[in-house]
Structure formats: structure tokens, C-alpha cells
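Descriptive structure summary
Here is what each chain is made of, one letter per residue.
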Protein chains: 2
Amino acid sequence: MDFIKEWKTRAALVDRALDDYLPAAGAYPAIIHQAMRYSLFAGGKRLRPVLTLAAAEAVGGVPALVLPAACALELIHTYSLIHDDLPAMDNDDFRRGKPTSHRVYGEAVAILAGDALLTHAFALLARAREGVPPERVLQVIEEVAGAAGTAGLIGGQVVDTLETGRAVDAATLEYIHRHKTGALYRVAVRAGAILAGAKEGELAALTTYAENLGLAFQIQDDILDVTGDTARLGKPAGSDERNKKATYPALFGLDTARIRAEEAVQRALDALQPFGARADFLCAMARFVIARDY
Amino acid sequence: MDFIKEWKTRAALVDRALDDYLPAAGAYPAIIHQAMRYSLFAGGKRLRPVLTLAAAEAVGGVPALVLPAACALELIHTYSLIHDDLPAMDNDDFRRGKPTSHRVYGEAVAILAGDALLTHAFALLARAREGVPPERVLQVIEEVAGAAGTAGLIGGQVVDTLETGRAVDAATLEYIHRHKTGALYRVAVRAGAILAGAKEGELAALTTYAENLGLAFQIQDDILDVTGDTARLGKPAGSDERNKKATYPALFGLDTARIRAEEAVQRALDALQPFGARADFLCAMARFVIARDY
């Protein structure tokens, strides 16, 4: 399998759907719709929605049916980036080489664009009911709201914000990652599986996959911040150390961090065994996570 | 009917449910749950959730079944107040005589508390499926997300923010009110009616009621800002004129504004005719809106 090509195919599907599902850039009041689109089409790799599509495939579902839910997760991810970048939070002027929302549209519109993306995510989820039993859609909405809330994404962001610049122990580091990034990976996979009618055992296996994928992703991000190349990464290497951020290499050393990432990937691959060839893409994704240098 | 007593009974029901439905104040990370509760229990009159309960009653439904949805609307209302008060938006230090969220918890936590209330609203809505067909719940989630989004609440907020300090025409004034406040009143009533199984004609009548109630409410607010007493209002009278805010009295004069409010109330009452005694509370609410001096 040409993994990168397969990824790009799915990401292109997501891009077209996002464009369809969002209010037109010119719809009144135009500035908010432009701000929503600006951040949404700022070069994201569509990792979460691609996971949703791939999880549906793994249980024999039709990816097109889960496309609205997949896009909803990208909206939530994008809203969280806009709010994280605000002056009151991380105060970042650039993301992926482009000025952040508040630099382009001002703080008020940036706050509202984040609010609007989060709100629109739930509109999309509720609309995703064609061909899917409504109970499943409600279960997904409940899980997505849980993963995006204070027991997930927001909880992780709160602890990350409060702990910035302080020495953080391993338990706090794990809490931050499992909530700030892990919760959305997990629900991205689960949403695709649930909507596609996964059996209980399949859902449990895919959940194990998602949790370990998220962990491996985060450890590798931390490793690349130490060992990576600024040009390849698209962001300054070494920024975690400069910002005194808690990372796996800082806490455990580079070698142990690498072993932990490999172990997580192995657990993710083991969980996919029962799915056979239908999980080829998810397997390739897990291997890619620690092979990448960007 | 002792309207105020009936209102207080329903508001107390909402208060208890909100306390039940929210994560405990001590749940980790505590600061975000404290911030959510601080703004939620800062003296709101629970107008929107009370409307949801009353709309369910009007079509013969059981109010207890719509309580989660009713509370969800209060969460959305509260989130919008927290974000509106932020320094980048209206920059208000006090609301209802208490320091605003960002004054107490700092801007970062205030932004996240707003995000968390909005997110939790959808968790509550999705959970509100006991005794209600799931299709109805999904319809309500879709309508609430629509009313809270850029075609509703957020759209109104965007235009209000952009137009602050500028001369605004009648069409823009109406847009702001119909979206910034009207959309939530409207969906509060519709959500209660839909969940309780309103027939098409009942839903249409209650929607007419809600739209006119919202209009009358806003006009009366504008009138009271000119004619009211600071002590009774609980906020400084005359602030609209000082802030150069567009208002009905400023655009049409006090007498015409009063007539418009009365006409709106009459349309609201006319819409309730078919419901008979079951709509007594909604009728009393409509009369109260223009009779109040606070």
C-alpha cells in the first residue's frame, strides 16, 4: 500500500466535504465565515477525519456515511487550535507558517470563529443521520461532546495552561496528552466504528488501537522536537525545551521514549489483527507514526 | 395565576437539574468546573429553560422529560455571556453586580469555561433521550446548533461587535436582536414543543409566540434603559445612549417603540389561543414582558 497516497485520497475527500458543509464564505455576516474557512483550510493533514473514515472501513462500513462526523471532528480540532493560539492562552502569532486567526481577524472574531466551528460540529453530527440508526448518531454526539469537554480536550488544555513553565511529573504529562490530544483521536476512531455498526468486540479493539496510536503520536512529536530538523518539521525544533514544556524525552530520556513509542505502536497493531486486510490503512498509519521525521 | 411564583417554581427545578447535570465543582481539573458553576449560578432568571418547560406543558408533554434540553439552553446562554464579557469583546468587569468570569479566573480559564459550557450543552441534549424518540432528539440538536451558530446567536454577536459605536439602521438593529437574543428564545420554545411531541400546527403557533415574545422582550429592555430606574434594573440606566447602542426608542421614539412592543405581545397571545388553559403560563409570560419595570 502506498500509505501517503491513500492518506491524501482520503484527505481530499474530507476537504471537499468540509467545503460543502460550511456556510459559504460570502454568507452574511461574511467575516465570521471567512475566519472559519481561513483556519479550516490552513494546511491541516485531516488526521482525525481520516481515522474516522478508516475505522468505518475496518468494520466493513461505507466511508461516505461517516463523512459528516469525520468533518465534525476536524471542526472541533480547528476550533481548539484557534482558541489555544489566542493571546490569553499560548499567544501564538503563527501556525503552520501562516498568521493565526486573531492576527488576521482580531481577537473578537477569532474567539467567535472558534465558537462557531465548535457549534457547527454538532449541527453536522446531528445531520449525519442518513442511512444510520438515530440511536447510533446520538451515542456518537454524546461521546464527541464528552471527548471535547472537561473530561477530554478542554480538561487537557486547562491543565496544560496551568502547568506551563512548571516542572511536571509523568502522571500530569500523561493526563495532558491523553486529554488534550488523545481524546479526539480516540473518539475519531470510535465515531467511525459506531456509525458503521461495529460489534462490541470490534469497538473495544479499535479503541485500544486509537489510544495507543495517540500515545505513539505524542511521544514521536516530543522526540522530533529534540532530534528533528526545523525545515522538515515546519516549526522550530527545540521549542519544547525553550518553553520548558514537559515531554517524554525530558522525563524518561530519548532511548526510553523511543522504546515506549514502539511498544505503543505494537499494541496498536496487535489490536488490529482480527480485522485482517480491512485494517491495512490503520496498520500503515500506526507504523508511519514512529517512522516519520516530520 | 401567581405568575412570579410559578416562574420561581420552574426556575428552582432548573437550578436543581443544572446542579445535577454539571460535573462536581471539585472534579479534576477543579478550576474549570468552578468557573462553569460560578457563571451558571450567578443569578440568572432561567428564562430560556422555563420557556422550554412551559412549551412542553402547552402541548400536554411532561416537563421532566425536557429538563436536560431546557438546561442545555441555559448553558449556551451562559457561555455566550462569558465570551461576550471578555476584554476582546464587550470588556465588562461586572454582570448582575458580580465580577465577570475573566475577572475572577483570568481570561484563559474564562474562554475555556465558555467552551466547556457550550460543549456540555450538546452532551446534555444527546443524553436527553429517555422516553423520547431519538429522531426528535436529533432534530432538537440540529435546531439548537443552528440557533447557536452563525445563522443565530453568533451571527448576531458578530454584527453587534462590528457595529458598536456606528449608526445602525432599523434592518441591522432587527438582525442583531433576532439573532443575538431572539434565536435562543425561539429554539427554547421549539425544543420543548418538539421533544413533547407537538403537532405541526402547534409547533408553528408556538414559534410565532416565541418570535414575538423575543421581540417584545428586546423592545422593552431598550425602553427600560431610557425610562427605568438604575436600582430596579440592577444595571445603570441610560447605558445604551452612552454606549451609542442602536435601540428601538432611539430609532423610532419611545411612543412608537411602546406600540410595537404591545403589538408583538398581542401577536404572541393570539398564537396561544388554540392551546387554552395549558398555555396560561406562556400567556402570563407575554403580558409580563411589557408590564415589568426591571
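Residues numbered from 1 in each chain as written. Chains lettered and ligands numbered in written order. Predicted model: local features only at pLDDT ≥ 70, side-chain atom pairs only at ≥ 80, totals over all residues. Heavy atoms only, no water.

In the nomenclature of an unreviewed UniProt entry, chain A is known as Farnesyl diphosphate synthase of Desulfofundulus thermobenzoicus. The Sequence similarities (unreviewed entry) comment attached to chain A in UniProt states, word for word, "Belongs to the FPP/GGPP synthase family." Taken from UniProt, the Cofactor (unreviewed entry) comment for chain A reads in full: "Mg(2+)". (UniProt positions renumbered as here; feature names shortened; annotations may be inferred.)

With that settled, the discussion passes to the overall build of chain A. In terms of helices and strands, chain A carries 15 helices and two strands. By the compact-globule yardstick of 19 Å for 294 residues, chain A fits well, its C-alpha radius of gyration being 18 Å. With the principal axes as the frame, chain A shows a C-alpha extent of 50 × 50 × 35 Å. In chain A, buried positions account for 58% of the 294 residues. In chain A, 71% of the contacts between residues at least 6 apart in sequence involve partners at least 24 apart. About 11,800 Å² of surface is accessible on chain A, with carbon and sulfur atoms providing 50% of the total. Of the side chains in chain A, 32 bear a positive and 37 a negative charge, and the two mean positions are spaced by 3 Å. (Helix = DSSP H or I, 4+ residues; strand = E, 2+ residues; numbered from the N terminus. Rg over C-alpha atoms; globule rule 2.2 N^0.38 Å. Buried < 20%, exposed > 50% of the residue type's maximum accessible area, 1.4 Å probe, protein only. Contact = heavy atoms within 4.5 Å. Areas by Shrake-Rupley, 256 points an atom, 1.4 Å probe, with all protein chains shown as cover. Lys, Arg positive; Asp, Glu negative; His and termini not counted. Charge placed at Lys NZ, Arg CZ, Asp CG, Glu CD.)

Applying the stated rule across the entire model yields 30 salt bridges over all chains. Measuring nitrogen to oxygen at the nearest pair gives 2.9 Å for the salt bridge that ties Arg46(B) to Glu74(B). Here Glu74(B) lies in helix 4 (residues 67-85) and Arg46(B) lies in the loop between helix 2 (30-40) and helix 3 (47-58), a separation of 28 residues in the sequence. Residue Arg258(B) pairs with Asp255(B) through a salt bridge whose shortest N-O separation is 3.9 Å. Pair noted here: Arg258(B) and Asp255(B) are both in helix 14 (residues 254-272), with a separation of three residues, about one helical turn. Taken together, the shared-partner salt bridges in this structure form one network comprising Glu6(A), Arg10(A) and Glu57(A). (Salt bridge = Lys/Arg side-chain N within 4 Å of Asp/Glu carboxyl O.)

Attention shifts here to the packing of helix 1 (residues 3-21) of chain B against helix 4 of chain B. All names here are of chain B. Running from amino to carboxyl end, helix 1 crosses helix 4 at an angle of 85 degrees, the nearest separation of the two axes being 10 Å. Taken together, the axes of helix 1 and helix 4 are roughly perpendicular relative to one another. Mapping the contact onto sequence places Leu13, Val14, Ala17, Leu18 and Tyr21 in helix 1 and Leu67, Pro68, Cys71, Glu74 and Leu75 in helix 4. Here the residues of the contact of helix 1 with helix 4 sort into nine nonpolar, no polar and one charged. (Axes fitted to C-alpha atoms, helices over the stretch in contact; angles between N-to-C directions. Parallel < 35°, antiparallel > 145°, perpendicular 65-115°, else oblique. Nonpolar A, V, L, I, M, F, W, Y, C, P; charged D, E, K, R; others polar.)

Quick look at the interface of chain A and chain B now. On the side of chain B, 44 residues touch chain A, which itself brings 44 residues to the contact. The junction of chain A with chain B conceals about 3,800 Å² of combined surface from both sides, 78% of it contributed by carbon and sulfur atoms. The interface formed by chain A and chain B includes four salt bridges. In this assembly, chain A and chain B are joined by six residue pairs in polar contact (both at pLDDT 80 or more). Among the elements of the structure, helix 2 (30-40), helix 4 (63-85), helix 6 (107-127), helix 7 (134-148) and helix 8 (153-163) of chain A are those that each provide at least two residues to the side of chain A that touches chain B. (Buried area = accessible area lost by both parts, 1.4 Å probe. Polar contact = N/O pair within 3.5 Å; in protein donor to acceptor, adjacent residues only side chain to side chain.)

Residue and element names in this part refer to chain B. With their axes 8 Å apart at the nearest point, helix 3 and helix 4 run at an angle of 155 degrees to one another. For the element pair helix 3 / helix 4, the angle class is roughly antiparallel. When the axes of helix 3 and helix 4 are compared, the crossing they make is right-handed. On helix 4, the residues touching Arg48, Pro49, Thr52 and Leu53 of helix 3 are Leu67, Ala70, Cys71, Leu73, Glu74 and His77. Counted by class, the contact of helix 3 with helix 4 contains six nonpolar, two polar and two charged residues. (Left-handed = near helix turned anticlockwise from the far one by under 90°.)

Here the focus is the relation of the copies chain A and chain B. In screw terms, the move from chain A to chain B is a rotation of 180 degrees and a rise of 0.0 Å along the axis, fitting with an RMSD of 0.0 Å. A rotation of that kind, with that shift, is consistent with a two-fold axis. Judged by C-alpha distance, Pro134(A) is the residue of chain A that lies nearest the rotation axis, at 2.9 Å. Mapped onto chain B, 100% of the interface residues of chain A are again interface residues, and the two copies thus contact each other with one and the same surface. (Least-squares fit on C-alpha atoms with pLDDT ≥ 70 in both.)

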